[in-house]
Amino acid sequence: MSGTIIVGGGLAGAAAAARLAQGGERPLLLERSSGAHDKICGEFLSTEAQAHLAAIGFDLPRLGGAPIDRLRLVAGTRRIETRLPFRGVGVSRRILDEALLDHAVAAGAKAERGVAVRQIDGTALETSAGAIDAGRLLLATGKHDVRGVKRDTRGTIDGLIGFKQYFRVSARTTTALQQHIDVALFDGGYAGLQLVEGGIANLCLLVSRERYAAAGDWPTLFAELLREPHLRARLGDAQPMLDRPLTISGVPYGFVHRGDDGAYRLGDQAGVIPSFSGDGMSIALHSAAVAARAVLEGADAAAYHRRLRADIAAQIGRATWLQRFGWSRAGRAVLLAGLTLAPSSMARAAAWTRVSAPALARAGVA
Ligand SMILES: Cc1cc2nc3c(=O)[nH]c(=O)nc-3n(C[C@H](O)[C@H](O)[C@H](O)COP(=O)(O)OP(=O)(O)OC[C@H]3O[C@@H](n4cnc5c(N)ncnc54)[C@H](O)[C@@H]3O)c2cc1C
């Protein structure tokens, strides 16, 4: 076999498959999961991500996500609230990723589920179902590196651990979270809390390794977080829905791919923006659009990566700088003081960390 192979069927891989199929190709997508599954993610789908989905004819409203257009930033007893300069949607990845993969298949892409790619050497793929040769390789394995094509993540932020848990929350908390994303800052980390479809609340947080090591385990860490007044008010009487939280470590925040190994890298394999920006999914979908256009035009992987870097590198750089600055107690105090004086600057900071309108236009997204 020697055609276009996409490895990974998350948002980046599925969107690229849909775009290539819509452009007349018949790519083969290999996804290691055999069915719908939860993913660690805050599940805030930005307006740019929504525009990318609309551009490929994906019916997002059908999924019944929760609209979000206000941000509440909380630190201890301090609270700053502002309107976002855009409308996001809270939608679970279990539903979204599966629906997008179905959309790609309906457009004419071929998807093989339950096939894990174990090693890549140039265009030779060793998979759990045997060896395959890819005429062209699109690498969309997200946070997971594949042997032979690991990302060079030197100089990125590491040392953070992410957790995600769904909760059934009280009617009072549901009302408070309508239209809102709550971001709670605490020593050694921050947490985002928002609704997704079905009135379920997603708590997604990042903590430093040191903070987690001091707690020792998730139940202790969560009990400590409930001492924060805001999180106690929201989640003190909530019921966790997953047996245990999803967790991840070693996410290379600030990574931008700069090498050239012949592969078209998509999503988190091309660049990783700090999670607080709520724009990782938008970058994943954007990379899919830029890569599909490059492939259909006959541009090679190096040319594709130059185009993509021009669209996302500065944005990732700014978000990474903000994350580094805001992580220390002093930096956080400065940010909070500034935001208290001018809450609307929060909306401006949010705009700096998004895929820009000219970049969207270049990718053919209105
Ligand atoms: C804590 C946290 C919170 C976040 N919150 C948000 C948010 O609120 N909003 C937002 O926009 N972004 C957020 N992000 C970022 C966002 O989740 C990612 O940027 C996005 O999922 C990247 O999409 P992707 O398609 O590149 O990778 P993924 O969604 O990770 O998909 C990769 C796919 O590849 C498959 N795969 C992996 N390895 C192999 C293999 N070897 N063979 C075959 N298949 C394989 C996986 O099963 C998976 O389906 C967050 C990230 C983190 C860590």
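An unreviewed UniProt entry lists the chain under the name Electron transfer flavoprotein, with Glacieibacterium frigidum as the source organism.

Each helix and strand in the chain was counted, giving 12 helices and 17 strands. In terms of overall dimensions, the chain is globule-like: its C-alpha atoms have a radius of gyration of 20 Å, near the 21 Å expected for 366 residues. Dimensions along the principal axes, computed over C-alpha positions, put the chain at roughly 60 × 40 × 40 Å. Among the 366 residues that make up the chain, the fraction classed as buried is 56%. Contacts in the chain between residues at least 24 apart in sequence constitute 73% of all its contacts with a sequence separation of at least 6. Carbon and sulfur atoms make up 53% of the accessible area of the chain, which amounts to about 15100 Å² in all. Considering the chain, the positive charge centre built from 44 side chains and the negative charge centre built from 34 side chains are found 5 Å apart.

Let's shift gears to the pattern of salt bridges. One pass over the full model with this rule turns up 25 salt bridges. Of the charged contacts, one joins lysine 39 and aspartate 97 as a salt bridge, the two residues approaching to 2.7 Å between their closest N and O atoms. Taken together, the positions of lysine 39 in the loop between β2 (28–31) and β3 (44–45) and aspartate 97 in helix α3 (residues 93–107) put the pair 58 residues apart, joining distant regions of the chain. Per residue, the accessibility class of lysine 39 equals that of aspartate 97, and both read buried. Residue arginine 211 is joined to glutamate 224 by a salt bridge in which the shortest nitrogen-to-oxygen separation is 3.0 Å. Of this pair, arginine 211 sits in helix α5 (residues 209–215) while glutamate 224 sits in helix α6 (residues 218–225), placing them 13 residues apart in sequence. Summarising the burial analysis for this pair, arginine 211 and glutamate 224 share the class buried. It is possible to trace a salt-bridge network through shared partners that takes in Arg70, Arg72, Glu81, Asp182 and Arg234.

Cut-offs and rules
- Position numbers for residues start from 1 in each chain and track the written sequence from start to end.
- Thresholds applied to this predicted model are a pLDDT of at least 70 for local features of residues and 80 or more for the giving and counting of side-chain atom pairs; totals over whole chains, interfaces and linings are not thresholded and use all residues.
- The side-chain values count all of the structure's non-hydrogen atoms but skip hydrogen atoms and water molecules.
- Strands here are runs of E lasting at least two residues and helices are runs of H or I lasting at least four, both read from the DSSP assignment and numbered beginning at the N terminus.
- C-alpha atoms define the radius of gyration, and 2.2 Å times the number of residues to the power 0.38 defines the globule rule.
- Between buried and exposed lies partly exposed: a residue is buried under 20% and exposed over 50% of the maximum accessible area for its type, with that area taken using a 1.4 Å probe on protein chains only.
- For this analysis, residues touch if any pair of their heavy atoms sits within 4.5 Å.
- Shrake-Rupley sampling with a 1.4 Å probe provides the accessible areas, and residues are treated as covered by the protein chains on show and by no other component.
- Under the counting rule used here, the positive set is Lys and Arg, the negative set is Asp and Glu, and His together with the chain ends is not counted.
- To locate a charge, the coordinates of NZ of Lys, CZ of Arg, CG of Asp or CD of Glu are taken.
- A pairing counts as a salt bridge when a side-chain nitrogen of Lys or Arg comes within 4 Å of a carboxyl oxygen of Asp or Glu.

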